[in-house]
Amino acid sequence: MTNRERRDAQMAYISDDSVFEEQKECRKKLQKLNFMDRSDFEGIKKAVRELFGSSEGAFVNPPFYCDYGTNIKVGKNFFANYNCVILDVAKVTIGDNCQMAPNAAIYTAGHPIHPVSRNSGYEYGKEVTIGDNVWIGGNTVICPGVHIGDHVVIGAGSVVTKDIPDWSVAAGNPCKVIRTITEEDKRKLYKNEDIDPEAWEDILNRMG
């Protein structure tokens, strides 16, 4: 098998010239995105469409960094704030209506633990999957192989090393489930503060 085939099969591989050629193409697209006029919202959307493997209306606030771009597949209304990093050695699949706060990072890339194996140059990528309606807090790191379910909130500064189930608020290092999201949370704005009546009426109208 070639190293690109080994990489795509989530096996041990070495970043040889063929791998670097793929990364070179990605970096050209990142150069364009990260040095655009920050007020050119339509231009940024177009650059993101050209970068990601699949997206529907995705928007990122530059700067943004990834390895390939083509391994990133996001659903409708994806938003990533400043300094987002997605190391997409393996596939990163993100559902609809997902938001990533500043400095959030997804790492599919990894290296062997033992120095003999690690110093050989071999590395790996393990897929990350994130469901629908997920909010990733600032400075969160999502580690290789993690699956995050639907309707999840990850607290700021978390290090997500294990799967997180649907409808969870989770936080910490390592990230753990704190509680389940319930119907009572629907009208909450911040902690125990309710959404004001005017905004709440507008939300109900938007829900149809």
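Our structure is the block above this text.
Notes on the structure in this doc start here. (Residues numbered from 1 in each chain as written. Predicted model: local features only at pLDDT ≥ 70, side-chain atom pairs only at ≥ 80, totals over all residues. Heavy atoms only, no water.)

## Here's the deal with the overall build of the protein chain
Convention followed: A run of H or I in DSSP becomes a helix once it reaches four residues, and a run of E becomes a strand once it reaches two; helices and strands are each numbered from the N terminus. Our radius of gyration looks at C-alpha atoms and nothing else; its globule reference is 2.2 Å times the residue count to the power 0.38. Three exposure classes are used, based on accessible area relative to the maximum for each residue type with a 1.4 Å probe and protein chains only: buried under 20%, partly exposed in between, and exposed over 50%. We call two residues in contact when some of their heavy atoms are within 4.5 Å.
Of the regular secondary structure elements, the protein chain holds five helices and 22 strands. On C-alpha atoms alone, the protein chain measures out to a radius of gyration of 19 Å, which is about the 17 Å that the 2.2 N^0.38 rule sets for 208 residues. Counting over 208 residues, the protein chain shows a buried share of 39%. Of all intrachain contacts in the protein chain linking residues separated by at least 6 positions in sequence, the fraction that spans at least 24 positions is 24%.

## Digging into the sheet that holds strand β1 (residues 13–14)
The line we're drawing: By the convention used here, strands pair only if DSSP detects at least 2 bridges between them.
With antiparallel pairing, the three strands of this open sheet are ordered in space as β1-β12-β11. Edge positions in the sheet fall to β1 and β11 (109–110), since each of these pairs with one other strand and no more. Across two bridges, the pairing between β11 and strand β12 (residues 122–125) is antiparallel. Its bridge partner being in β12, Ala-109 is matched across the sheet by Gly-125.

## Focus: a negative patch on the surface
We count it as follows: Two distance rules govern patches: like charges are joined within 9 Å, and nonpolar side chains (Val, Leu, Ile, Met, Phe, Trp, Tyr) within 5 Å, applied only to residues with over 30% relative accessible area and no salt bridge. Throughout, the Shrake-Rupley method with a 1.4 Å probe supplies accessible areas, and for residues the shown protein chains are the sole cover considered. By definition, a salt bridge exists where a carboxyl oxygen of Asp or Glu is found within 4 Å of a side-chain nitrogen of Lys or Arg. Counted charges follow a simple rule, with Lys and Arg positive, Asp and Glu negative, and His plus the chain ends left uncounted. Charge coordinates come from a single atom per side chain, which is NZ of Lys, CZ of Arg, CG of Asp or CD of Glu.
The grouping of Glu-193, Asp-196, Glu-198 and Glu-201 at the surface amounts to a negative patch. Looking at where Glu-201 falls in the secondary structure, it is placed in helix α5 (residues 197–207).

## Let's talk about the pairing of strand β5 (residues 72–76)
The side chains of a regular strand alternate, first on one face of the sheet and then on the other. When strand β2 (residues 54–56) meets β5, the two strands line up parallel, connected through two bridges. Looking at β5, one finds that Ser-54 is bridged to Lys-73. Two strands pair when backbone bridges link them, and β5 and strand β8 (residues 92–94) are joined in this way by three bridges, in the parallel orientation. When the sheet's bridge partners are listed, Val-74 is paired in β8 with Ile-94.

## A short note on the environment of Ile-136
Position of Ile-136 among the secondary structure elements: in strand β14 (residues 135–136). Residue class for Ile-136 comes out buried when judged on its relative accessible area of 2%. Sequence-distant contacts of Ile-136, defined by excluding residues within four places in its chain, comprise Gln-99, Met-100, Ala-101, Ala-104, Ile-142, Ile-148 and Ile-154.

## Focus on the pairing of β12
Only one face of β12 is buried: it carries Glu-123 and Gly-125, and the other face, with Tyr-122 and Tyr-124, is open. Across two bridges, β1 lies against β12 in antiparallel orientation. Residue Ile-14 lies in a different strand from β12, and its bridge partner there is Tyr-122.

## Thoughts on the sheet that holds strand β13 (residues 128–130)
In spatial order, the strands read β2-β5-β8-β13-β16; together these five strands make up an open sheet with parallel pairing. The outermost strands of the open sheet, each flanked by one partner alone, are β2 and β16 (147–148).

## Focus on the packing of helix α2 (residues 17–34) against helix α3 (residues 41–51)
Short version of the rule: Note on method: axes are straight lines fitted to C-alpha atoms, helices fitted across the in-contact stretch only, with angles between N-to-C directions ranging 0 to 180 degrees. Here the word oblique covers every angle except those under 35 degrees (roughly parallel), over 145 (roughly antiparallel) and from 65 to 115 (roughly perpendicular). Ten residue types, Ala, Val, Leu, Ile, Met, Phe, Trp, Tyr, Cys and Pro, are classed as nonpolar, four, Asp, Glu, Lys and Arg, as charged, and the remainder, Gly among them, as polar.
One way to put it is that α2 packs onto α3 with a least axis distance of 10 Å and a crossing angle of 170 degrees. One finds that α2 runs roughly antiparallel with respect to α3. Note on element contacts: α3 touches α2 through Ile-44, Ala-47, Val-48, Glu-50 and Leu-51, opposite Cys-26, Lys-29, Leu-30, Lys-32 and Leu-33. Taken together, the residues of the contact of α2 with α3 break down into seven nonpolar, no polar and three charged.

## Digging into the packing of aromatic side chains
Short version of the rule: Aromatic pairing here means that ring centres of Phe, Tyr or Trp (its six-membered ring) are within 6.5 Å. Orientation follows from the plane angle: under 30 degrees is stacked, over 60 is edge-to-face, and everything else is tilted.
Summed over all chains, the structure comprises four aromatic pairs. Here Phe-41 and Phe-59 contribute two aromatic rings whose centre-to-centre distance is 5.9 Å and whose plane-to-plane angle is 70 degrees, an arrangement assigned as edge-to-face. One end of the pair, Phe-41, is in helix α3; the other, Phe-59, is in strand β3 (residues 59–60), and 18 residues separate them in sequence. Classification of Phe-41 by relative accessible area gives partly exposed; the value is 48%. Phe-59 sits in the buried class, given a relative accessible area of 12%. Grouping aromatic residues by their ring pairs yields a cluster made of Phe-41, Phe-59 and Phe-79.

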